[in-house]
Each structure stands twice: as structure tokens, then as C-alpha cells.
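The residues making up each chain are set out below.
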Amino acid sequence: MYDADSRGISYANAFLILIGLWIAGFIAGGILSIPVWVLMTGKRIMSMPAELLNPENINAVRVIQVVSTAVTFFLPAYFTALIINRRPGKLLGFTMQFNLRQLLLALGIMFGAAIAAASLAQLNELIPIPQNAADYFRELEDNYSAQVEAMTNIRTFGDYIISIIMIALLPAVFEETFFRGGMQNLLTRFSKKPWLAILITSLIFSVIHLSYYGFLARVCLGVVLGLIFYYSRSLWLTIAAHFFNNAIAVTQMYVLIRQGKPVKEALNETYPMWWGIIGLIFLFLLFIVFKKISATAVQKYTAPEDRAREEKWIA
């Protein structure tokens, strides 16, 4: 169907543009971190690798994280949408065509997904791999835990609020814009295979986090976020769900640190496998309701000229 807002670029070509801008953004994010580090710390760039975990550099690390994530994820998705469409926000899914029931259901779905994901993390632990690979992946996990702990540095309630913004809110906005609003959206539009698009996007979403022991858990979360976006057509709901998941983790860190316990306990939390079965049943039931309500919302809030196009998504 003809889209009056389209600039005439195919969705397949748009996907290639997105990947190109993503690679460019990744390089640019790394380059931009250098002047941020030098200006905010007054230290030489050669000291950066060894000084990143130093608590006195926490503000610089936080700004670097925000800048690099925005340049790597948010800007490539936005500029791709701008290149191919006259209404980039609408194409990405920044629309208000949802209601309170959908929002509450999305948060409930994310709660169930967190339980299922924690069980999958347990399954990840049980998969046999060579000892040298296990040692390498465990070292990566320990380094990640140390980096998160250094970036959060939650000692006061003010630190907690800053961490909620830096670790929960902004990554949710930037990553969802790229992965769901950009990658999954374009893959679905040109392949006409939404489940394939959701799975591919979820796999890439998990891979870029560089966590073997969290791989299956993040694939699960990616699929759930992808389904929320696919059924609702609203990126705000996936951002809210992603933020909710991240905020729970940050809150756990805050509570553990206040109790004098290591942050690693919150980051490496796992549940028994049978909990995952309960979580999946919970997810299935909630998605039945969410899909029905979302289909009604799309009918209600979408303009008549766009409705036929949107109905293809809720097939």
C-alpha cells in the first residue's frame, strides 16, 4: 500500500542504511568518548582503560556511557527513519496509540519475562562448554559486574535516582529506538515475517551485550519486547517495559549495597527451572489479553487511511 510519508526508499535498503549508520555510530561513539574523558577528568587518554573503574571518575564514565549509547543506537535509528520517511517519529513507533490497560499489561508481561529469563540464565549455566571457554566467559561477567558497580556507585538516594536515569531510563529509550523501532520494524516491513524479524533482532540484541551466561535470558527479554511492539505498534510501551526491567535491577543493587552485599548478586540472579515454566504460562495468558486489547487500540487510534496497513501487523 502507498505511504504518503515515504521518500521512495525500500525497506530493504533502509535496513542496510540502518546497519551502516550503526557501524558508523559505534566508531563515532568510541571517538567521542576520548574528549569527554580528557575534559571531565583532566587525565590523559592512555590512562582511560585503567581508570574507568576508579570511583572518582564516575561522572565521566556516566557521560561517556550516555553519549556512546545515544550515538551508537538512537541516532542511527532516527536518521534512518528521517532519510526514508517524512514522519520519522511515527515510523519508529513514537505514537500515543495505546491506553492504560496496555501499559499495565506490558509491565506485567515484563515481570513474567524477568522470571522466565532468570530461569533461562540457570539453563545457560548448565550447558557444558570447555573449561577454558568457561573461564573466559566468567571473566567477562566479572568485568561487566565491576563496570556496572563502578558506574552506579549507589551510596545515597541521590545516587539511586541518577542510576535509574543512567542505567534504566536512557538505555531503554536508546536501545528500544534502535532494536524495536528500527531493526525489527524494518525487518518486518520488508520480509513480511514478523516472527523471524523478532527472533533475529532478539539474537542481535543479546549478542551485543557480550554476555554468554546471560545470552538466553536476553534473547527471551528481546522476544517479549519485540512482541509488545509488534502487537501494540507503540515504542513507548516497549520503552516502559524495558525501563521497568532495568529499574528493578537498579533497585536490587541499591538494596544490596545498602546491606553491604556485592552487586554481582543482583546481576547474576537465577531462578529454578520450574519457575521459568510458571513465568511462560503467565506470559502466554497475559499476551492473549494484550494482543486483543492492542488490536482494538490500533483500530481506535489509527487514522482510517493507515488502518489497513496497520492491520497487517496484527494478523
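Residues numbered from 1 in each chain as written. Predicted model: local features only at pLDDT ≥ 70, side-chain atom pairs only at ≥ 80, totals over all residues. Heavy atoms only, no water.

Student: Even after reading the chapter, I still don't get the overall build of the chain, so can you show me in this structure?
Tutor: Within the chain, the regular secondary structure consists of 13 helices and zero strands. Reading the helices (α) and strands (β) of the chain from amino to carboxyl end gives α-α-α-α-α-α-α-α-α-α-α-α-α. The buried share of the chain, reckoned over its 315 residues, is 47%. Pairs at least 24 residues apart make up 78% of the contacts formed inside the chain by residues separated by at least 6 positions. Carbon and sulfur atoms form 69% of the exposed surface of the chain, whose accessible area is close to 15600 Å². (Helix = DSSP H or I, 4+ residues; strand = E, 2+ residues; numbered from the N terminus. Buried < 20%, exposed > 50% of the residue type's maximum accessible area, 1.4 Å probe, protein only. Contact = heavy atoms within 4.5 Å. Areas by Shrake-Rupley, 256 points an atom, 1.4 Å probe, with all protein chains shown as cover.)

Student: Just to check I follow, could you spell out helix H5 (residues 100–126) for this structure?
Tutor: Relative to the 39 Å expected for 27 residues at 1.5 Å per residue, H5 spans 40 Å between its end C-alpha atoms, a close match to the ideal helical length. N-cap assignment for H5: the residue whose side-chain oxygen lies 3.1 Å from the backbone N of Arg101 is Asn99. (Expected span 1.5 Å × (residues − 1). Polar contact = N/O pair within 3.5 Å; in protein donor to acceptor, adjacent residues only side chain to side chain.)

Student: Is there a simple way to explain the environment of Phe178 in this structure?
Tutor: Positionally, Phe178 belongs in helix H7 (residues 157–191). Residues Phe178 and Pro76 lie 102 residues apart in sequence; the distance between their C-alpha atoms is 7.3 Å. Aside from chain neighbours lying at most four places away, what touches Phe178 is Leu18, Trp22, Phe73, Pro76, Ala77 and Met183.

Student: Would you explain the confidence of the model for the chain in this entry?
Tutor: Looking at the chain, the pLDDT average stands at 85 and 87% of residues meet or exceed 70. Of all secondary-structure elements in the chain, the lowest mean pLDDT belongs to helix H13 (residues 304–311), at 54, while helix H8 (residues 194–207) reaches the highest, 96. (pLDDT = per-residue confidence, 0-100.)

Student: Help me understand the packing of helix H1 (residues 11–41) against H7, please; the structure alone is not making it clear to me.
Tutor: Each pair of packed helices can be summarised by the angle the axes make with each other and by the distance between the axes. H7 packs onto H1 with a crossing angle of 150° between their chain directions and a minimal axis gap of 8 Å. Relative to H7, the element H1 is oriented roughly antiparallel. Relative to H7, the crossing made by H1 is left-handed. Residue-level inspection shows Tyr11, Ala12, Ala14, Phe15, Leu18, Ile19 and Trp22 of H1 in contact with H7, the latter providing Phe178, Gly182, Met183, Leu186, Leu187, Arg189 and Phe190. (Axes fitted to C-alpha atoms, helices over the stretch in contact; angles between N-to-C directions. Parallel < 35°, antiparallel > 145°, perpendicular 65-115°, else oblique. Left-handed = near helix turned anticlockwise from the far one by under 90°.)

Student: When you look at the nonpolar core in this model, what are you seeing that I'm missing?
Tutor: One recurring pattern in soluble globular proteins is that nonpolar side chains are buried together. One finds Ile109, Val224, Ile228, Leu283, Phe287 and Phe290 to be the most contacted residues of the largest nonpolar core, which totals 28 residues. Broken down by secondary-structure element, the contributors of at least two residues to this core are H5, helix H9 (215–232), helix H10 (235–258) and helix H12 (273–301). In this structure Leu283 touches Ile109, Gly112, Ala113, Ala116 and Val224, once residues within four positions along its chain are discounted. One finds Leu18, Trp22, Ala70 and Phe178 within the second-largest nonpolar core, a separate group that totals 24 residues. (Core = buried A, V, L, I, M, F, W, Y, C linked by side-chain atoms within 4.5 Å.)

Student: Help me understand the side chain of Ser33 in this model?
Tutor: Tracing the backbone shows Ser33 in helix H1. Only 2.5 Å separates the side chain of Ser33 from the backbone oxygen of Gly30, close enough to count as a polar contact. Once residues within four sequence positions are removed from consideration, Ser33 is found in contact with Met48 and Ile64.

Student: Just checking my understanding: could you explain the environment of Leu32 for this structure?
Tutor: Positionally, Leu32 belongs in helix H1. On the basis of relative accessibility, which here comes to 37%, the residue Leu32 falls in the partly exposed class. Each C-alpha atom of the pair Leu32 and Ile64 lies 8.0 Å from the other, and the pair is 32 residues apart in sequence. When sequence neighbours within four positions are dropped, the list of residues in contact with Leu32 reads Val67 and Val71.

Student: Would you mind showing me how to read the packing of aromatic side chains here?
Tutor: Any aromatic ring pair is given by two values, namely how distant the centres are and how the planes are angled relative to each other. Evaluated as defined, the whole model comprises 15 aromatic pairs. Ring geometry for Phe73 versus Phe179: centroids 5.5 Å apart, planes at 45°, classification tilted. Of this pair, Phe73 sits in helix H3 (residues 58–84) while Phe179 sits in helix H7, and the two are 106 residues apart along the sequence. Both residues of the pair, Phe73 and Phe179, count as buried. Ring centres 5.0 Å apart and planes at 70° place the aromatic pair Phe94 and Trp236 in the edge-to-face group. Of this pair, Phe94 sits in the loop between helix H4 (88–92) and H5 while Trp236 sits in helix H10, and the two are 142 residues apart along the sequence. What links up through ring pairs into an aromatic cluster is the set Trp22, Phe73, Phe178, Phe179 and Phe205. For the cation-ring pair, Arg180 lies above Phe205, with the distance from its terminal atom to the ring centre recorded as 4.7 Å. Note that Arg233 overlies the ring of Phe229, its terminal NZ or CZ placed 4.5 Å from the centroid. (Phe/Tyr/Trp six-rings, centres within 6.5 Å; stacked < 30°, edge-to-face > 60°. Lys NZ or Arg CZ within 6 Å of the ring centre and 35° of its normal.)

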